[in-house]
Amino acid sequence: MIRENTQPQSYKTWFEPIKPLAYDGETLTIQVPSQFFFEYLESHYVDLLKLAISKTIGPSGKLQYSIVMDNSDIEHPYGINVPTTDKSNTKNPSVRVPLDLDSNDEKKVLNPFVVPGIKKINVESQLNENYSFDNFIEGECNRTARIAGLAVAKNPGTTAFNPLFVFSPTGLGKTHLCHAIGLETKKYHPNLIVLYVNAEQFIQQFMASCKNKTRDDFVRFYQMIDVLIIDDIQFFAGKSKTQDTLFHIFNHLQQNKKQLIFTCDKPASELEDMEQRLISRFQWGLSTELQIPDIETRSNILKRKAYSDGIEIPDDVIDYVASKVKTNVREMEGLFISLMAQSSFNKKAITIDMARQLIDRFVRNTTQEVSIDYIISAVIDRLNITLENFQSKSKKHDIVLARQLAMYFSKKYTDYSLSAIGKKCGNKDHSTVIYAIQTIENLIDTDKQIRALASDIEKNIC
């Protein structure tokens, strides 16, 4: 147990030299090389020793040290006098250290979120009450993820969705879904420890634990969590030590049937500078994508927000805003808040003209992040086909044309590889993407209708 919860070099330095001397069914006596060795163990590994003794011997287990030394009386760091033997036998004096194990034997494990000393049951979940399933609007774009999230909340750690890996570009609801799953889990299982943490916070805590030499406490804290939610794990890329620590935490929690939930801005298979053993574990359970919401879902999101804020807004205004901001729900909601604020400050009713002026200022003059998903949305909106049909194996002319246009503009406006473009556009290979690009280039040169169509789509992309 100790080996599994310490780094290999630390184990070799501080535990391999220990020699077992005696065991009477309740007390384990071990020999350590020096007083310094004894004090170091007590300063850095006392909580781990307590847990190990408790789990292997039992709650009444005790640990007794025999310290190899030549000096006389020494003082135990906790104030217990350590008697030496007489001068004819000064090599092996011993001290009995009761482990004082009780129902809160893990309370001294450092909690990186609060001051040290907090009890396990008081770990703050860091969940936002505003991000619940009640205001998470369901649509074709997120239905699978929502259903999986509800299943996880009801039976954390025991479904096939462990880990649950949710991915999408920014602003499509990953964070909202994470908080909703956590809150719902707390409803069904109030005694479970649920913790939400973003990747950057995790990394900062880990770096602090290394600096303060409390890395073992950091690991043990996370190993106590029942439902661990880590948001934006793409920020772990290139951080090998953090990845190694996450790997061991993952294994411990997964083996003990604890629930793991991760979000990312891309599928696990596309993560770069990430250890393969971690990527394979991200893929053990369910990977589900949050897609760009259709206009109906976007309208429903805005209607829900207006209702929650107690604001009456005409449906035509909501539909207009939803039609203009297509790829980022967070941006759409931000624009909506600005619209309500402008109405309130100027004491004017919200109209389409007001929405149009705001969109002209804040959307069209803002550089949009051009992604493959953004391009696909622009293409299918213009051709009036569904995302489901776009990604299907259908060979209908308008659907094939949509895929080819999306591949053409993705190559023109993004830095993605041909393979990545093909994967997004109906799971096609790179040779199909090359053919599509050549086809559209030829059609733009020879077909006026296609040229006009491509020009319309390009205006929306740019």
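I will try to describe carefully the structure that is included in this document.

Basis of the calculations
Residues numbered from 1 in each chain as written. Predicted model: local features only at pLDDT ≥ 70, side-chain atom pairs only at ≥ 80, totals over all residues. Heavy atoms only, no water. Helix = DSSP H or I, 4+ residues; strand = E, 2+ residues; numbered from the N terminus. Buried < 20%, exposed > 50% of the residue type's maximum accessible area, 1.4 Å probe, protein only. Contact = heavy atoms within 4.5 Å. Areas by Shrake-Rupley, 256 points an atom, 1.4 Å probe, with all protein chains shown as cover. Axes fitted to C-alpha atoms, helices over the stretch in contact; angles between N-to-C directions. Parallel < 35°, antiparallel > 145°, perpendicular 65-115°, else oblique. Left-handed = near helix turned anticlockwise from the far one by under 90°. Nonpolar A, V, L, I, M, F, W, Y, C, P; charged D, E, K, R; others polar. Phe/Tyr/Trp six-rings, centres within 6.5 Å; stacked < 30°, edge-to-face > 60°. Lys NZ or Arg CZ within 6 Å of the ring centre and 35° of its normal. Salt bridge = Lys/Arg side-chain N within 4 Å of Asp/Glu carboxyl O. Expected span 1.5 Å × (residues − 1). Arc of directions from axis to C-beta. Core = buried A, V, L, I, M, F, W, Y, C linked by side-chain atoms within 4.5 Å.

### A short note on the overall build of the protein
For the protein, the helix and strand inventory stands at 19 helices and 11 strands. Out of the 462 residues in the protein, the part that is buried amounts to 47%. When contacts within the protein are restricted to residue pairs at least 6 apart in sequence, long-range pairs at least 24 apart make up 72% of them. Carbon together with sulfur atoms contributes 48% to the accessible area of the protein, which is approximately 23,800 Å² in total.

### What about the packing of helix 4 (residues 143-154) against helix 5 (residues 174-188)?
Relative orientation of the contacting elements helix 4 and helix 5 amounts to 30°, with a least axis distance of 8 Å. Comparing the axis directions of helix 4 and helix 5 gives the class roughly parallel. The two elements helix 4 and helix 5 cross, and the hand of that crossing is right-handed. Residue-level inspection shows Ala145, Arg146, Gly149, Leu150, Val152, Ala153 and Lys154 of helix 4 in contact with helix 5, the latter providing Leu177, Ile181, Glu184, Thr185 and Tyr188. For the contact of helix 4 with helix 5, the class distribution of residues is seven nonpolar, two polar and three charged.

### Points about the packing of aromatic side chains
Taken as a whole, this structure holds 16 aromatic pairs when the rule is applied. When the centroid spacing of 5.0 Å and the interplanar angle of 55° are considered together, the rings of Phe218 and Tyr222 count as tilted. With Phe218 and Tyr222 both in helix 7 (residues 215-223), this residue pair falls four residues apart, about one helical turn. Through pairs of rings, three or more aromatic residues link up here, namely Phe165, Phe167, Phe250, Phe262, Phe282 and Trp284. Over the face of the ring belonging to Phe247 we find Arg277, whose NZ or CZ atom lies 3.8 Å from the ring centre.

### Considerations on the pattern of salt bridges
Inspection of every chain in the model, using the stated rule, returns 15 salt bridges. Linking Lys62 and Glu26 is a salt bridge whose minimum nitrogen-to-oxygen distance equals 3.5 Å. Remark: Glu26 occurs in the loop between strand 1 (19-23) and strand 2 (27-32) and Lys62 occurs in strand 3 (residues 62-67); sequence separation between them is 36 residues. Residue class for Glu26 comes out partly exposed when judged on its relative accessible area of 35%. Salt bridges here are not isolated pairs; linked through shared partners, they connect Glu138, Glu140, Arg143 and Arg146.

### What about the packing of helix 16 (residues 397-413) against helix 19 (residues 448-461)?
Packing of helix 16 against helix 19 brings their axes to within 12 Å, and their N-to-C directions diverge by 50°. Relative to helix 19, helix 16 is oriented oblique. For the element pair helix 16 and helix 19, the recorded crossing hand is right-handed. Contact residues: Leu401, Leu405, Phe409, Lys412 and Tyr413 in helix 16; Ile450, Leu453, Ala454, Ile457, Glu458 and Ile461 in helix 19. Of the residues in the contact of helix 16 with helix 19, the class split is nine nonpolar, no polar and two charged.

### Describing helix 4
For helix 4, spanning 12 residues, the distance from its first C-alpha to its last is 17 Å, which sits close to the expected 16 Å at 1.5 Å a residue. Within helix 4, burial applies to Ala145, Arg146, Ala148, Gly149, Val152 and Ala153. What you see down the axis of helix 4 is that its buried residues fit within an arc of 165°, all on one side. Facing away from the buried side of helix 4 by over 90 degrees, the exposed positions are Thr144 and Ile147. Next to the buried residues of helix 4 lie strand 7 (164-167), helix 5, strand 10 (259-264) and strand 11 (286-289).

### Remarks on the environment of Asn5
Relative to the elements of secondary structure, Asn5 occurs in the segment before helix 1 (8-14). In this structure the C-alpha to C-alpha distance between Asn5 and Asp216, which are 211 residues apart in sequence, comes to 7.0 Å. Dropping the residues within four chain positions of it, Asn5 is found in contact with Leu48, Asp216 and Gln223.

### Some thoughts on the environment of Ser323
By the secondary structure assignment, Ser323 is in helix 11 (residues 315-324). The class of Ser323 is partly exposed, set by a relative accessible area of 23%. Sequence spacing of Ser323 and Asp381 is 58 residues, and the spatial spacing of their C-alpha atoms is 9.5 Å. Setting aside residues no more than four positions away along its own chain, Ser323 makes contact with Ile295 and Arg298.

### Here we look at the nonpolar core
As a rule of thumb, nonpolar side chains are buried together in soluble globular proteins. If you look at the biggest cluster of nonpolar residues, it comprises 34 residues, and the most contacted ones within it are Tyr222, Leu228, Ile230, Ile233, Phe262 and Phe282. Residue contacts for Leu228: discarding those within four places in its chain leaves Leu195, Val197, Tyr222, Ile249, Leu253, Gln259, Leu260 and Ile261. Within the second largest apolar cluster, 30 residues are counted, among which are Phe390, Phe409, Ile421 and Ile437.

### A closer look at unusual backbone geometry
Here the residue pair Asn162 and Pro163 is connected by a cis peptide bond, since its omega of 5° sits within 30 degrees of zero. The topology assignment puts Pro163 in the loop between helix 4 and strand 7. Positive phi outside glycine occurs at Lys213, with the angle close to 60°. Mapped onto the secondary structure, Lys213 falls in the loop between helix 6 (199-211) and helix 7. Taking relative accessible area as the criterion, Lys213 reaches 63% and is therefore assigned exposed.

### A look at the side chain of Thr288
Take Thr288: it is sitting in strand 11. Ignoring any residue separated from it by four or fewer positions in sequence, one finds Thr288 in contact with Thr144, Ala145, Leu164, Phe165, Val166 and Phe167.

The values are spatial; any link to function lies outside them.
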